[in-house]
Amino acid sequence: MNMLFDPGACIVEQVDLCHAGQVREVDDWLAGRADATPFHRPAWISAVAKGTRQRALMLVSRDVKGAINGVLPLNIIHSRLFGRALVSSGFAVGGGILADHRRAIDALTDACWAIAQREHCGTVELRGGELPAQGWTIRDQAYLNFAKPMAADDEAQLAAVPKRHRAEIRKGLANGLTFTRGDDAALRAVHYDLYARSVHRLGTPVFPRALFDAVMDAFGAQADIAIASKDGVPVSSVISLYHGDAVMPYWHGADIASRQLRSNEYLYFMLMGDARARGYRVFDFGRSKVGTGPAAWKKSWGFEGDPLSYAVRAAKGEARDVNPLSPKYQRKVEMWKKLPLPVANLIGPMLARGLG
């Protein structure tokens with residue numbers, strides 16, 4: 001008896017991330033979608049794998065003619081402290097399934113869960129994208145994303161900021177700061193130093209320097225570092241990603257003097273103008289947890305937060321919790337703050353590579 005032909009069938013395959021042609025096919029498909037992010041790209045998950053010594057997998061769903069109709073980027077994140085997790089995407093605020101229709105979503109979801117079981121990953125996290133239909137916990141109350149189109153020029157951009165914070169930006173602009181943007185080794189070193197000091201003050205382990213270098217190398221002209229300096233001394237910095245028509249400041253660092261100098265206000269305002277001059281239209285401030293200071297700061301710029309929806313599934317028991325704001329970590333956070341910075345920078349990357 002002949003099998004019935006199913007024109008809507010989906011076949012899930014794993015992309016060879018070392019094969020330039022297969023990677024280019026995925027990138028071309030993503031380039032045609034308005035809902036794609038930098039975190040869906042093979043370049044991102046490959047850089048995460050290289051920079052943190054974890055693993056990357058890229059799944060694609062194909063129709064019966066062989067055309068891609070869905071993608072799912074994945075990182076396997078292993079940690080002795082937090083266990084094993086399958087994440088889309090690692091060290092990202094986004095990722096998740098992108099697909100043309102429900103059958104492709106379901107096919108990718110099933111394949112993802114099968115990989116998690118095979119690789120003994122106790123937790124699967126899909127950050128954004130198309131959400132699974134059932135069997136998953138949807139978390140949509142924890143995080144907000146802040147993004148909106150930039151104004152036509154600097155004056156209009158200032159006018160778009162609520163009055164109170166507009167005054168803070170003007171103070172930063174009047175403080176004799178200078179703006180530098182690039183991607184060379186010297187700027188990378190400056191940024192990592194400022195970033196390490198920032199996260200130490202927050203009480204969290206610093207990410208490996210190799211992660212930042214791998215992302216910068218993988219994205220090329222679509223990533224850079226912007227630095228605000230006072231009298232030649234760097235005080236604020238940020239690594240930004242560029243995708244489609246958006247600039248996304250992502251990893252930020254600052255000296256303790258940044259608050260008095262308003263160098264963060266200066267840095268982001270100058271980054272807006274620089275990106276606008278190069279043809280970008282959207283400023284994506286990224287993710288912040290609901291009710292936190294960073295979320296309030298982004299709102300003070302006139303940005304409204306859009307809720308983010310993540311899907312989580314655990315093999316048994318509760319899913320892993322790596323949120324440093326979780327109450328169970330507060331004592332550890334306070335202890336980490338008290339570590340000498342050189343010690344924190346030495347052991348921090350070994351812990352942080354498993355946070356993902």
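In what follows, the structure referred to is the one given above.
Note on numbering: residues in each chain are counted from 1, in written sequence order. Local features are withheld for residues below a pLDDT of 70 in this predicted model, meaning they are given only at 70 or higher, and side-chain atom pairs are given and counted only at 80 or more; totals for whole chains, interfaces and linings count all residues. The side-chain numbers reported here are obtained from all heavy atoms of the structure, hydrogens and water having been left aside.

Asks: A description of the packing of helix α2 (residues 42-52) against helix α7 (residues 209-219) should follow, citing residues and the corresponding values.
Replies: An axis is simply a line fitted to the C-alpha atoms; with a helix, the fit covers only the stretch in contact. Between two such axes, the angle follows the N-to-C directions and lies from 0 to 180 degrees. Going along the chain from the N terminus, every DSSP run of H or I of four or more residues is numbered as a helix, and every run of E of two or more is numbered as a strand. Running from N to C, α2 and α7 cross one another at 150 degrees; their axes reach a closest spacing of 8 Å. In terms of crossing hand, the pair formed by α2 and α7 is right-handed. When α2 is examined against α7, the residues Ala-43, Trp-44, Ala-47, Val-48, Lys-50, Gly-51 and Thr-52 are found in contact with a partner set consisting of Ala-210, Leu-211, Ala-214, Val-215, Ala-218 and Phe-219. By the convention adopted, Pro, Cys, Tyr, Trp, Phe, Met, Ile, Leu, Val and Ala count as nonpolar, Lys, Arg, Asp and Glu as charged, and the other residues, Gly among them, as polar. Per-class residue counts for the contact of α2 with α7 are 10 nonpolar, 2 polar and 1 charged. Put simply, a crossing is left-handed when the front helix is turned counterclockwise from the back one by less than a right angle, and right-handed when it is turned clockwise. By definition, residues are in contact when any of their heavy atoms lie within 4.5 Å.

Asks: Provide a residue-level description of the packing of helix α6 (residues 185-202) against α7, including the pertinent values.
Replies: Relative to each other, α6 and α7 sit at 140 degrees, their axes nearing to 11 Å. Taken together, α6 and α7 sit at an angle that is classed as oblique. Viewed along their axes, α6 and α7 form a crossing whose handedness is right-handed. Here α6 contributes Ala-185, Arg-188, Ala-189, His-191, Tyr-192 and Tyr-195 to the contact with α7, which in turn contributes Arg-209, Phe-212, Asp-213, Met-216 and Asp-217. Throughout this description, any angle smaller than 35 degrees is read as roughly parallel, any larger than 145 degrees as roughly antiparallel, any in the 65 to 115 degree range as roughly perpendicular, and the remainder as oblique.

Asks: If you had to explain the environment of Phe-91 to someone new, which residues and values would you point to?
Replies: With respect to the element layout, Phe-91 can be found in the loop between β4 (83-88) and β5 (98-99). Distance from Phe-91 to Ala-174, taken between C-alpha atoms, is 36 Å for residues 83 residues apart in sequence. Phe-91 has contacts with Trp-44, Val-48, Thr-52, Ile-77, Arg-127, Phe-207, Leu-211, Tyr-250, Trp-251, Ala-352, Arg-353 and Gly-356, leaving out every residue within four places of it along the chain.

Asks: Pulling in residues and values, what's your account of the pairing of strand β2 (residues 55-62)?
Replies: Among the 8 residues that make up β2, 7 are buried, leaving the element largely enclosed by the rest of the structure. At least two bridges found by DSSP between two strands are what make those strands a pair. One ladder, built from 4 bridges, connects strand β1 (residues 11-14) with β2; its direction is antiparallel. Paired with Glu-13 across the bridge in β2 is Val-60. Two elements, β2 and strand β3 (residues 68-79), share 8 bridges in a ladder whose sense is antiparallel. Each bridged residue has a counterpart across the sheet, and for Arg-55 the counterpart in β3 is Ile-76. Any residue under 20% of the maximum accessible area for its type is buried, any over 50% is exposed, and the rest in between are partly exposed; the area is computed with a 1.4 Å probe on protein chains only.

Asks: Break down the sheet that holds strand β13 (residues 282-289) for me, citing the residues and quoting the values.
Replies: With respect to topology, 7 strands assemble into an open sheet ordered β9-β10-β11-β12-β13-β8-β14, the strand pairing being mixed. What marks the edges here is a single partner per strand, and that holds for β9 (177-182) and β14 (305-307). When the angles between neighbouring strand axes are averaged without regard to direction, this sheet yields 30 degrees. In terms of strand pairing, strand β8 (residues 143-149) meets β14 through 3 bridges, oriented antiparallel. The partner of Leu-144 across the bridge, within β14, is Pro-307. Here α6 sits on the sheet in contact with β9, β10 (223-230), β11 (233-243) and β12 (246-254), set at roughly 65 degrees to β12. Sheet strands touched by helix α9 (residues 263-277): β9, β10, β11, β12 and β13. Its angle to β11, the strand with the most contacts, is close to 35 degrees.

Asks: With reference to specific residues and values, describe α2.
Replies: Of all 11 residues making up α2, 9 are buried, and the element is well covered by its neighbours. Along α2, the residues that are buried comprise Pro-42, Ala-43, Trp-44, Ile-45, Ala-47, Val-48, Ala-49, Gly-51 and Thr-52. Considering only its buried residues, α2 is in contact with α1 (20-31), β2, β3, α7, β11 and β12.

Asks: So, the packing of aromatic side chains: which residues are in play, and what are the values?
Replies: Stacked, tilted and edge-to-face pairs are distinguished by plane angle, under 30 degrees for stacked and over 60 for edge-to-face with tilted covering the rest, among Phe, Tyr and Trp rings (Trp via its six-membered ring) whose centres lie within 6.5 Å. Throughout the structure, instances matching the rule amount to 23 aromatic pairs. A ring pair is formed by Tyr-268 and Phe-283, whose centres lie 6.4 Å apart and whose planes are at 90 degrees; its orientation type is edge-to-face. You can see Tyr-268 sitting in helix α9 and its partner Phe-283 sitting in strand β13, a full 15 residues away along the chain. The exposure class assigned to Tyr-268 is buried, which follows from its relative accessible area of 7%. Residue classification places Phe-283 among the buried residues on the basis of a relative accessible area of 0%.

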